[in-house]
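# Examining the three-dimensional arrangement
This is what each chain is made of:
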Amino acid sequence: GWKRGSSFLPGIDVTDTKLSTSAFLLLHQARAERFFRSDHTNNWAVLVCTSRFWFNYRHVANTLSVYRSVKRLGIPDSHIVLMLADDMACNHRNPKPATVFSHKNMELNVYGDDVEVDYRGYEVTVENFLRVLTGRLPPSTPRSKRLLSDDHSNILIYLTGHGGNGFLKFQDSEEISNVELADAFEQMWQKRRYNELLFIIDTCQGASMYERFYSPNLMALASSQVGEDSLSHQPDLAIGVHLMDRYTFYLLEFLEDIHPASQANMNDLFKVCPKSQCVSTPGHRTDLFQRDPGSVLITDFFGSVRKVEITMETINLTPHTETALAYVDQLPVAQIIHQKPKQKDWHPPDGFILGLWTLILLVFFRTYGIKHLKHIF
Amino acid sequence: TTVTGTRGRSAAVAIAALVIAAGIPLWWKTTETYRAWLPAARISELEALQLELRVEVEVVFARGTLSPEQQKKVPASRITYESCCKSKSLCLVEADHALHTLTETSCGSVVIYIIPEASALLPQDMRVYVGRSRTALLRSQVASVVGAGLPEVLAALDPQMEQVLQTMSFNHQDVTAALTDRLRPGLSTRDSLADSMRAFKSSPGYEITFSLLNPDPKHHQLHWDVEAALDAYIYPLLHKMAPVANFSVDSQILYYAVLGVNPRYDASASAYTLSADSLAHVINPVEARLGSNAASSNPVLNFLLYVPDSLHSPLIIRNDQKQEVASNAFHSPRWGGIMVYNVDGAYGNDTQFPVDIAIDMSRVMGVFLSQLRLMLGFQQTGAPPGFVLEAAGREGVAEWELDRLLWSRSVENVATASASITSLAQLLDQIANIVINDNIAQQVASAVTALQAAVAELEAGNLALALEHSREAISASERAFFDPSLLHLLYFPDDQKFAIYIPLFLPMCVPILLSLLKIFREVQQHRAEKRAKRD
């Protein structure tokens, strides 16, 4: 097992040889106040759909609806890592190609034309998911596939798919266990890759996945307890599959009422989808979270409300005299296009080799007698 | 049958011996994970790291501050001071510049000139003047200390010098702010916490993007000479910051880019206004269109210049008290800044559109430069009472301000690097399965060496070297911690190990064990018979 303990560096003692502890910084109190409702300066979202194949349509629709809400509330694509098998929209069995619907009667197309999937198809693996979380990606990975969070980032992690007691199945071929997930979060905490993390999981027996968490500042929600199944919501007869899972459907309804300036807090989120609507019992875990959930706004995780300060100081710069910029001498276009032809290698003229070999054969038969010729022809 | 029996017995024993003596060690060796050696002892030393920061201070007494007896006891006095500052009408800046040329100060050191109480250089109520380079002028009267030698004189000056050093180099607040995420919460003040939230964390490189947003190309044809402006105003600052990080700068123009918020028309000011609360929602819609360099993972600073469209001009920003903001700009911590530049004054109602407008880059860059300073970690200097701090001027930053940043960056780098290494060592210790390649061991060793060198240089007071070593340490430790190979075999539970080995080994081991048991029983029986025969 891991050493589960305090993660503050215990032993750094700073001794300054000459200085006392008096403070001389005079800063405006009002300005400092606005910062401290919450500690984060940017938001990230990691949305993962762990299933593939047509009959798991609802998992893709789940993830895409959360993606839409998160984008609507302000998190830009550059701060969203979306992992989908992405085999629904162009599936041969999709009667409406290039669409993924989340409400029956095809009310809402969550695929749209500006969805940006970062990991698609067979790239959605346990290894890639853990690499994204811990940051151990190969150096050639582009920026859009990385989670470039810092110590003041709030991260939303949403997982959906098929799960069991203590594990989550990835694309029918591998699984991630709750121990691995907890260890990955601990490694994120060790490198201060998040300020606060909200973990939402919509699978069967989802609560088992957050049982083993032990890092600080984690809040978790699951759609069902251990031993219960999460159920899907409604089938669409035209498409032929279930479109959404219940928990995410009611979560989406809840998020529709949230706008960037909304003051709804986490306690409202915990009430989403009670047993009467969801059939399973949603669960949540807040013991590792430092702030009181009632003071945590929904937009702290789902949206991206920036802290803003007015710039009070400017620097007086005198206009400088224009110095003529000298550009490097460029070749004239004609010279660039009509370059000298490449030297081709010299080959002997055609037929020369054929003639050479004929000569060699004739010399051979002349020397050793014509009788050998019949063995050749 | 005894012959075959003995042959059978010896065969079984030989096979069992081979399996135990050769097979088990071979299996153990071949299924071992490769773990290169890590300097565990030195890493555990890092956990109890004590940082000592030393500033070299040179104190120069001007003529008239010391009595003749004290002057004899002071080792070396600068006589040249008077020669350059003879004329009474010398202003402060020129004096500072002249003093600066006298001494060659190394990075991190401070020179304090003590000038007589009656000197006219400083205004009446100011006691200290801090110049653009690493010098400070302190007005004091130490001749009044009776019968004192050099130590007593310096002791009398100590409190004032401490004040100067706390402004110019570092104080307790700065150091704890640099260590905020490594310390228990509650140790740092809210102000320093706000500063640490605003500035970017130490990183090997930063990307800076300057964007011009023109929502109305039909009416405004904007010309901004950004290359020349960057050359003149921004690059000097970035060159000075070269020891801290690498910078890559680019610029772009975005057309038809609108702010996400509708400004309100205020008839009293006859202008459109953006209130302070709506500013937070301006950034997100724009950010989607800004783009960034796909190849690097460095933090990005964005500076946007927004020229409002002709229908919504002029656009002014109001602060919380509903007052106009002089700079007409705002910034967001760890993101960048936005400035609104009104051009409605440049043309009248009946000009032919589109109008050619040249943007005054010195005004724009003045705002961006101050925002850039905040983002990079230069705090808004609150001068203590009685201090005069010289403004930064064209270079954008004074030497002592840069030194302040270097102190806090070095401390931050040392803290982060040691935390990375200790947590990596802990991780590798806990998981016996993980493969430690040679390159990781090498990175860790070089990180530990660089860390120890950085701490030694900080103790010796060589700030530039300390920063270099701390940068090496942090890049090596990050490379080691984030190496992609450290992900394999992370969680290998014991029951899975059994499930793998039992089908392989059990069918083979059962006959061997049974035959050994049979041999053992036969030997027992034989011995029992022998004993019975003897009796």
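Residues numbered from 1 in each chain as written. Chains lettered and ligands numbered in written order. Predicted model: local features only at pLDDT ≥ 70, side-chain atom pairs only at ≥ 80, totals over all residues. Heavy atoms only, no water.

Just so we agree on the cut-off: UniProt positions are given in the numbering used here, feature names are shortened, and annotations may be inferred rather than shown by experiment.
Under an unreviewed UniProt entry, the name given to chain B is GPI transamidase component PIG-S, and the organism recorded is Denticeps clupeoides. Quoted verbatim from the Subcellular location (unreviewed entry) field of UniProt, the annotation for chain B is "Endoplasmic reticulum membrane". Quoted verbatim from the Sequence similarities (unreviewed entry) heading of the UniProt record, the comment on chain B is "Belongs to the PIGS family."

Chain A is annotated in an unreviewed UniProt entry as GPI-anchor transamidase from Denticeps clupeoides. What the UniProt record of chain A gives under Pathway (unreviewed entry) is the line "Glycolipid biosynthesis; glycosylphosphatidylinositol-anchor biosynthesis."

## Quick look at the overall build of chain A
Under the convention used in this document: In this description a helix means any DSSP run of H or I spanning at least four residues, a strand means any run of E spanning at least two, and both kinds are numbered starting from the N terminus. Buried residues are those whose accessible area, probed at 1.4 Å on protein chains only, stays under 20% of the maximum for their type, while exposed residues exceed 50% and partly exposed ones sit between those limits. Only heavy atoms matter for contacts: two residues are in contact if any of them lie within 4.5 Å across the pair. Surface exposure here means Shrake-Rupley accessible area, sampled with a 1.4 Å probe, where a residue is shielded only by the protein chains that are shown.
Regarding its fold elements, chain A presents 11 helices and 12 strands. Within the span of chain A, comprising 377 residues, buried residues form 55% of the whole. Once local pairs closer than 6 in sequence are excluded, the contacts in chain A between residues at least 24 apart make up 73%. If you sum the accessible surface of chain A, you get close to 18600 Å²; carbon and sulfur atoms cover 56% of it.

## Considerations on the packing of aromatic side chains
Stated precisely, the cut-off is as follows: A pair of aromatic rings is counted whenever rings of Phe, Tyr or Trp (Trp by its six-membered ring) have centres within 6.5 Å, and the orientation is called stacked for planes under 30 degrees apart, edge-to-face for over 60 and tilted otherwise. Remark: a charge is flagged as sitting over a ring if the NZ atom of Lys or the CZ atom of Arg is within 6 Å of the ring centre and within 35 degrees of the ring normal.
For the coordinates displayed, the defined rule picks out 23 aromatic pairs over all chains. Ring geometry for A:Trp54 against A:Tyr57: centres 5.2 Å apart, planes inclined by 75 degrees, an arrangement best described as edge-to-face. The exposure class of A:Trp54 is buried, given its relative accessible area of 6%. Each residue in the set B:Trp27, B:Trp28, B:Tyr501 and B:Phe505 is aromatic and connected to the rest through ring pairs, giving one cluster. Just above the ring of A:Phe53 sits the side chain of A:Arg52; from NZ or CZ to the centre is 5.8 Å. Positioned above the aromatic ring of A:Tyr122, the side-chain terminus of A:Arg52 is 4.1 Å from the ring centre.

## Let's talk about the UniProt feature "active site" (unreviewed entry) in chain A
Residue and element names in this part refer to chain A. The feature "active site" (unreviewed entry), as given by UniProt, occupies His162 and Cys204 in the numbering adopted here. The greatest C-alpha distance among the residues just named is 6.3 Å, despite their covering 43 residues of sequence, which places them together in space. Assignment of secondary structure puts histidine 162 in strand S6 (residues 162–164). Not counting the four nearest positions on each side in its chain, histidine 162 is found in contact with Thr50, Ser51, Asn56, Arg58, His59, Leu168, Lys169 and Thr203. Apart from the residues within four sequence positions on either side, cysteine 204 is in contact with Gly163, Gly164, Ser224, Glu228, Asp229 and Ser230.

## Notes on the UniProt feature "transmembrane region" (unreviewed entry) in chain B
Residue and element names in this part refer to chain B. Mapped onto this structure's residue numbering, the UniProt feature "transmembrane region" (unreviewed entry) falls at residues 12–28 and 498–520. Annotated as residues 12–28, this span is 100% helix and 0% strand, and its ends, taken at the C-alpha atoms, are 23 Å apart. Annotation note: span residues 498–520, helix share 100%, strand share 0%, distance between end C-alpha atoms 29 Å.

## Observations concerning the side chain of A:Thr141
Residues and elements named next belong to chain A. Convention followed: Any N or O atom pair separated by 3.5 Å or less is treated as a polar contact, with the protein-specific requirement of one donor-capable and one acceptor-capable atom, and with residues adjacent in sequence counted only for side-chain atom pairs.
Within the secondary structure, threonine 141 is located in the loop between helix H3 (126–134) and strand S5 (153–160). Under the relative-accessibility criterion, threonine 141 is labelled buried at 10%. Of the polar contacts made by the side chain of threonine 141, one reaches the backbone oxygen of proline 138; its length is 2.6 Å. Non-local contacts of threonine 141, meaning those with residues more than four positions away in its chain, are made with Tyr119 and Arg146.

## Considering the state of the cysteines
Residues and elements named next belong to chain A. Quick reminder of the rule: Any two cysteine sulfur atoms within 2.5 Å of one another count as a disulfide.
Going through the model one piece at a time under the given rule, you end up with 1 disulfide over all chains. In this model cysteine 273 forms its disulfide with cysteine 278; the gap between the sulfur atoms is 1.8 Å. A torsion of 100 degrees about the S-S bond marks the disulfide between cysteine 273 and cysteine 278 as right-handed. The two residues cysteine 273 and cysteine 278 agree in class, both being buried. Among the cysteines around cysteine 49, which has no disulfide bond, cysteine 204 carries the closest sulfur, lying 14 Å off. The buried category is assigned to cysteine 49, whose relative accessible area is 0%. Of all cysteine sulfurs in the structure, the one in cysteine 278 sits closest to cysteine 204, which takes part in no disulfide; the separation is 12 Å. With relative accessibility at 18%, the residue cysteine 204 sits in the buried group.

## Quick look at the UniProt feature "transmembrane region" (unreviewed entry) in chain A
Taking the UniProt record as the reference, the feature "transmembrane region" (unreviewed entry) is found at residues 351–369 of chain A. With 89% helix and 0% strand, the stretch residues 351–369 of chain A has end C-alpha atoms that lie 26 Å from each other.

## A word on unusual backbone geometry
A cis amide bond links B:Ser313 to the next residue, B:Pro314, at an omega of -15 degrees. Looking at the secondary structure, you find B:Pro314 in the loop between strand S11 (300–306) and strand S12 (315–317). Omega for the peptide link from B:Phe353 to B:Pro354 comes to -5 degrees, which places this bond in the cis form. Along the chain, B:Pro354 turns up in the loop between strand S14 (336–340) and strand S15 (355–358). With phi around 65 degrees, A:Ala98 is a residue other than glycine that occupies positive phi space. The residue A:Ala98 is located in the loop between strand S3 (80–84) and strand S4 (119–120) in this model.

## Observations regarding the sheet that holds S6(A)
Residues and elements named next belong to chain A. Basically, it comes down to this: For two strands to pair, DSSP has to find at least two bridges joining them. Note on method: axes are straight lines fitted to C-alpha atoms, helices fitted across the in-contact stretch only, with angles between N-to-C directions ranging 0 to 180 degrees.
A sheet is described by the order of its strands in space; here 3 strands give the open sequence S6-S7-S8, paired in antiparallel fashion. Two strands close off the open sheet at either side, each with one partner strand: S6 and strand S8 (174–177). Strand-to-strand twist of the sheet, defined as the mean angle between neighbouring strand axes without regard to direction, takes the value 30 degrees. Pairing analysis gives 4 bridges linking strand S7 (residues 167–170) to S8, with the strands arranged antiparallel. Considered in S8, the bridge of phenylalanine 170 is made with glutamate 174. On the sheet, H3 packs against S7 and S8 and is oriented at approximately 35 degrees with respect to S8.

## Overview of the pattern of salt bridges
Formally: Throughout this description, the term salt bridge denotes a Lys or Arg side-chain nitrogen within 4 Å of a carboxyl oxygen of Asp or Glu.
This model, assessed by the stated rule, comprises 28 salt bridges over all chains. The shortest N-O distance in the salt bridge between B:Arg334 and A:Asp151 comes to 3.0 Å. One end of the pair, B:Arg334, is in the loop between strand S13 (329–332) and S14; the other, A:Asp151, is in the loop between H3 and S5, on a second chain. Residue classification places B:Arg334 among the buried residues on the basis of a relative accessible area of 7%. Residues B:Arg373 and B:Glu401 are paired through a salt bridge, measuring 2.9 Å at the closest nitrogen-oxygen approach. Of the two residues, B:Arg373 is situated in helix H11 (residues 361–376) and B:Glu401 in helix H12 (residues 399–430); the sequence distance between them amounts to 28 residues. B:Glu401 shares its class with B:Arg373; the two are buried. Connected via shared salt-bridge partners are A:Asp150, A:Asp151, B:Lys201, B:Arg334, B:Arg409 and B:Glu412.

## So, the packing of helix H2 (residues 40–47) of chain B against helix H13 (residues 438–460) of chain B
Residue and element names in this part refer to chain B. Test applied: Note on terminology: angles under 35 degrees are roughly parallel, angles over 145 are roughly antiparallel, angles of 65 to 115 are roughly perpendicular, and the others are oblique. By definition, any crossing whose near helix is turned counterclockwise from its far helix by less than a right angle is left-handed, and any crossing with a clockwise turn is right-handed. In this classification, the charged set is Asp, Glu, Lys and Arg, the nonpolar set is Ala, Val, Leu, Ile, Met, Phe, Trp, Tyr, Cys and Pro, and all remaining amino acids, among them Gly, are polar.
Viewed as axis vectors pointing N to C, H2 and H13 meet at an angle of 45 degrees, and their least axial separation amounts to 10 Å. Between H2 and H13, the interaxial angle falls into the category oblique. Helix-helix and strand crossings are classified by hand; for H2 and H13 the assignment is left-handed. In this structure, H2 contributes Arg42, Ile43, Glu45 and Leu46 to the contact, and H13 contributes Val444, Val448, Thr449, Leu451 and Gln452. Class assignment of the residues belonging to the contact of H2 with H13 gives a composition of 5 nonpolar, 2 polar and 2 charged.

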